[in-house]
Amino acid sequence: MSDNDVSKRNVLAIVTNYGVEQDELLVPLEHLRGWGADVDVAAVSAGDVHTLVGDKAPGETVRPELTLSEVDPADYDLLLVPGGTLNADRLRREESATEIVRSFTSTGRPVAAICHGPWALVEAGVLEGKKLTSYPSLRTDIRNAGGDWADEPVIKDDSRGWPLITSRNPGDLGPFLHEIDEALAVNAH
């Protein structure tokens, strides 16, 4: 297995059923599945996930593999938290989503969040002492939660016992996916 081989890795993406930013979900799914990773999408309900483009235009529809309440976080090597303002705002209010985040961070497994996705980490109370980036409007929320916010395309922070990978928006997907690949290669379950 090469250093960049993510095959035989299990990735969990958590979303709501409406409002996830299309490229922040679909591009990582296609990328990781293309490398042979098993990627499950867990949504609030079993119904279709309706993505949006730019928080307003209808995007593609995705069928989730399971619901948030059905997830056993121990089955996964990495947690992906895509953004989209509507998606992220609702996701952070889902107790099952914040429990999934806490499960990953308490067991030292990587979490990758993009754009508004870090709101779930704010709500889970896991950002104390972590350096990260996000969509700029989350800056104050992240700082209030004890995080160190910076405006960079991608930030990887391995401090406090768990790897965190963050990016600002869909324009940062290239470096974001590169860091996810590296984390999966290093942190095999």
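Structure's up top.
First things first, this report covers the structure right here in the doc. (Residues numbered from 1 in each chain as written. Predicted model: local features only at pLDDT ≥ 70, side-chain atom pairs only at ≥ 80, totals over all residues. Heavy atoms only, no water.)

**Digging into unusual backbone geometry**
Stage number 1. The backbone of Cys115 shows a phi angle near 65°, a positive value even though the residue is not glycine.
Stage number 2. Inspection of the secondary structure assignment puts Cys115 in the loop between strand S8 (111–114) and helix H4 (119–124).
Stage number 3. Residue classification places Cys115 among the buried positions, given a relative accessible area of 8%.
Stage number 4. For Arg160, which is not glycine, the phi torsion reads 60° and is therefore positive.
Stage number 5. Mapped onto the elements of the fold, Arg160 is located in the loop between strand S11 (154–157) and strand S12 (164–167). (Helix = DSSP H or I, 4+ residues; strand = E, 2+ residues; numbered from the N terminus. Buried < 20%, exposed > 50% of the residue type's maximum accessible area, 1.4 Å probe, protein only.)

**Considerations on the sheet that holds strand S4 (residues 49–53)**
Stage number 1. Spatial strand order, S2-S4-S5: three strands in an open sheet with mixed pairing. Looking at the sheet topology across the chains shown, the edges are occupied by strand S2 (18–21) and strand S5 (57–62). Put simply, the sheet's adjacent strands are angled 45° from each other on average, direction ignored.
Stage number 2. As defined by bridge partners, S2 adjoins S4 across two bridges and the pair is classed as parallel. From the neighbouring strand, Tyr18 faces S4, where its bridge partner is His50.
Stage number 3. Strand contacts of helix H1 (residues 22–34): S2, S4 and S5, with the helix running at about 60° to S2, the strand carrying the most contacts. (Pairing = 2+ DSSP bridges. Axes fitted to C-alpha atoms, helices over the stretch in contact; angles between N-to-C directions. Contact = heavy atoms within 4.5 Å.)

**Re the nonpolar core**
Stage number 1. Leu12, Ile14, Leu79 and Leu121 are the most contacted members of the largest nonpolar core, which has 30 residues in total.
Stage number 2. Taken together, the elements giving at least two residues each to this core come down to strand S1 (10–14), strand S7 (78–81), helix H2 (85–91), helix H3 (95–106), S8 and H4.
Stage number 3. The greatest single-element share of this core, amounting to five residues, is contributed by H4.
Stage number 4. When sequence neighbours within four positions are dropped, the list of residues in contact with Leu121 reads Val101, Val111, Ala113, Val126, Leu127, Trp162 and Leu164.
Stage number 5. Counting residues in hydrophobic clusters, the runner-up holds 27 residues, among them Val20, Leu32, Val39 and Leu184. (Core = buried A, V, L, I, M, F, W, Y, C linked by side-chain atoms within 4.5 Å.)

**Let's talk about the environment of Thr105**
Stage number 1. Topologically, Thr105 is positioned in helix H3.
Stage number 2. A sequence separation of 56 residues divides Thr105 from Gly161, and the C-alpha atoms of the two residues are 7.7 Å apart.
Stage number 3. Each residue touching Thr105, except ones within four places of it in the same chain, is listed here: Val111, Val126 and Trp162.
Stage number 4. Engagement of the side chain of Thr105 in a polar contact is seen with the backbone oxygen of Arg102, the distance being 3.2 Å. (Polar contact = N/O pair within 3.5 Å; in protein donor to acceptor, adjacent residues only side chain to side chain.)

**A closer look at the environment of Ile114**
Stage number 1. Turning to its location among the elements, Ile114 is positioned in strand S8.
Stage number 2. In this structure Ile114 comes out as buried when scored by relative accessible area, which is 0%.
Stage number 3. Considered as a pair, Ile114 and Ile14 are 100 residues apart in the sequence and their alpha carbons are 12 Å apart.
Stage number 4. Excluding anything up to four places from it in sequence, Ile114 contacts Glu24, Val81, Pro82, Gly83, Ser167, Arg168, Asn169, Pro170, Leu173 and Phe176.

**Quick word on the sheet that holds S8**
Stage number 1. Overall, mixed pairing links the seven strands, which are arranged S6-S3-S1-S7-S8-S12-S11 in an open sheet. Edge positions in the open sheet fall to strand S6 (66–67) and S11, since each of these has one partner strand only.
Stage number 2. In terms of strand pairing, S7 meets S8 through three bridges, oriented parallel. By the bridge assignment, Leu79 is partnered in S8 with Val111.
Stage number 3. Sheet contacts for H1: S1, strand S3 (38–43), S7 and S8; angle to S3, the most-contacted strand, approximately 155°.

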